[in-house]
Amino acid sequence: MNWYNVGKIVNTHGIRGEVRVMSRTDFPEERYAKGARLGLFMPGAKEPIMLTVASHRTHKNFNLLTFEDHTSINDVEKYRDGILKVPDEDLGELEEGEFYYHEIIGCTVVDQEGHEIGEVTEVLETGANDVWAVKPPEGKMHYIPYIEDVVLEVDTENKRIVIDPIEGLLS
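Note that the structure is a prediction, hence the values are computed from the model and not measured. (Residues numbered from 1 in each chain as written. Predicted model: local features only at pLDDT ≥ 70, side-chain atom pairs only at ≥ 80, totals over all residues. Heavy atoms only, no water.)

**Q** Sorry, what's going on with the pairing of strand β3 (residues 37-41) here?
**A** In summary, the side chains of a regular strand alternate between the two faces of the sheet. Of all 5 residues in β3, 4 are buried; the element is thus mostly enclosed. Inspection of the sheet shows β3 paired to strand β6 (residues 83-87) by 3 bridges, in the antiparallel sense. What sits directly across from glycine 39, in β6, is lysine 85. (Buried < 20%, exposed > 50% of the residue type's maximum accessible area, 1.4 Å probe, protein only. Helix = DSSP H or I, 4+ residues; strand = E, 2+ residues; numbered from the N terminus. Pairing = 2+ DSSP bridges.)

Given below as structure tokens:
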């Protein structure tokens, strides 16, 4: 089973078993909904601790969660620095033209003539649109905006992306 990162527990919050989560998901309402099941991966552990969300709220830049049967700070203090993940069967379907990061990272980027530009190593969220960091076989990193004028085709099954590099994009 594959697991995908949705957040990291960075601290406790208060004394009633609430944890502060630095979220890494575009779907916090779904991932942190009451009754949602999450796998908690502690540093060095091979198997997750399965947790069920009891409550969720936001506070400043954090998501605050409580888990079923974890009612005090003593129950959750040991979870600090743990990574919350969901299994692949819980990912859900996306609309056309939307992709999970793990589907994009590792894709080979080519131009319309088939010349290899590099491999996507990271997805950056910039606000207006995502930007894909593409590492070429040699040279400096390229940053490809995920916009219709540039990205022509995304084939996640074959890990291949075709772009039309606008002038100056690859220089």
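**Q** Even after reading the chapter, I still don't get the nonpolar core, so can you show me in this structure?
**A** Looking at soluble globular proteins, one finds that nonpolar side chains tend to be buried together. In this structure, Ile9, Leu38, Leu65, Phe67 and Leu84 are the most contacted members of the largest nonpolar core, which totals 20 residues. Every element with two or more residues in this core is listed here: β1 (3-13), β2 (18-23), β3, β4 (49-59), β5 (62-67) and β6. The element that contributes the greatest number of residues to this core is β1, accounting for 3 residues. Other than its neighbours up to four places away in sequence, leucine 38 contacts Val6, Arg31, Tyr32, Ile49, Met50, Leu51, Val53, Leu65, Leu84, Lys85 and Val86. Counting 14 residues, the second-largest nonpolar core is a separate cluster that includes Ile104, Cys107, Val123 and Leu169. (Core = buried A, V, L, I, M, F, W, Y, C linked by side-chain atoms within 4.5 Å. Contact = heavy atoms within 4.5 Å.)

**Q** I tried to follow a negative patch on the surface on my own but got confused; where do I start?
**A** Together, Asp26, Glu95, Glu98 and Glu125 make up a negatively charged patch on the protein surface. Within the fold, glutamate 98 resides in the loop between β6 and α3 (101-104). The class for glutamate 98 is partly exposed, based on a relative accessible area of 41%. (Patch = residues over 30% accessible without salt bridge, like charges linked within 9 Å, V, L, I, M, F, W, Y side chains within 5 Å. Areas by Shrake-Rupley, 256 points an atom, 1.4 Å probe, with all protein chains shown as cover. Salt bridge = Lys/Arg side-chain N within 4 Å of Asp/Glu carboxyl O. Lys, Arg positive; Asp, Glu negative; His and termini not counted. Charge placed at Lys NZ, Arg CZ, Asp CG, Glu CD.)

**Q** Before we go on, may I ask you to explain the sheet that holds β3 in this structure?
**A** Working definition: the strands of a sheet are paired by backbone hydrogen bonds and lie parallel or antiparallel to each other. In spatial order, the strands read β1-β2-β5-β4-β3-β6; together these 6 strands close into a barrel with antiparallel pairing. Taken over all neighbouring pairs, the strand axes of this sheet differ in orientation by 50 degrees on average, direction set aside. Two strands pair when backbone bridges link them, and β2 and β5 are joined in this way by 3 bridges, in the antiparallel orientation. Looking at the pairing, arginine 20 lines up with leucine 64 of β5. (Axes fitted to C-alpha atoms, helices over the stretch in contact; angles between N-to-C directions.)

**Q** Help me understand the packing of aromatic side chains, please; the structure alone is not making it clear to me.
**A** Any pair of aromatic rings gets described here by the distance separating the centres and the angle formed by the planes. Taken as a whole and judged by the stated rule, the model has 4 aromatic pairs. With centroids separated by 6.2 Å and ring planes inclined at 70 degrees, the aromatic side chains of phenylalanine 27 and tyrosine 100 adopt a geometry described as edge-to-face. Taken together, the residues phenylalanine 27 in the loop between β2 and α1 (28-31) and tyrosine 100 in the loop between β6 and α3 connect sequence positions 73 residues apart. Relative accessible area serves as the criterion here: at 27%, phenylalanine 27 is assigned to the partly exposed category. (Phe/Tyr/Trp six-rings, centres within 6.5 Å; stacked < 30°, edge-to-face > 60°.)

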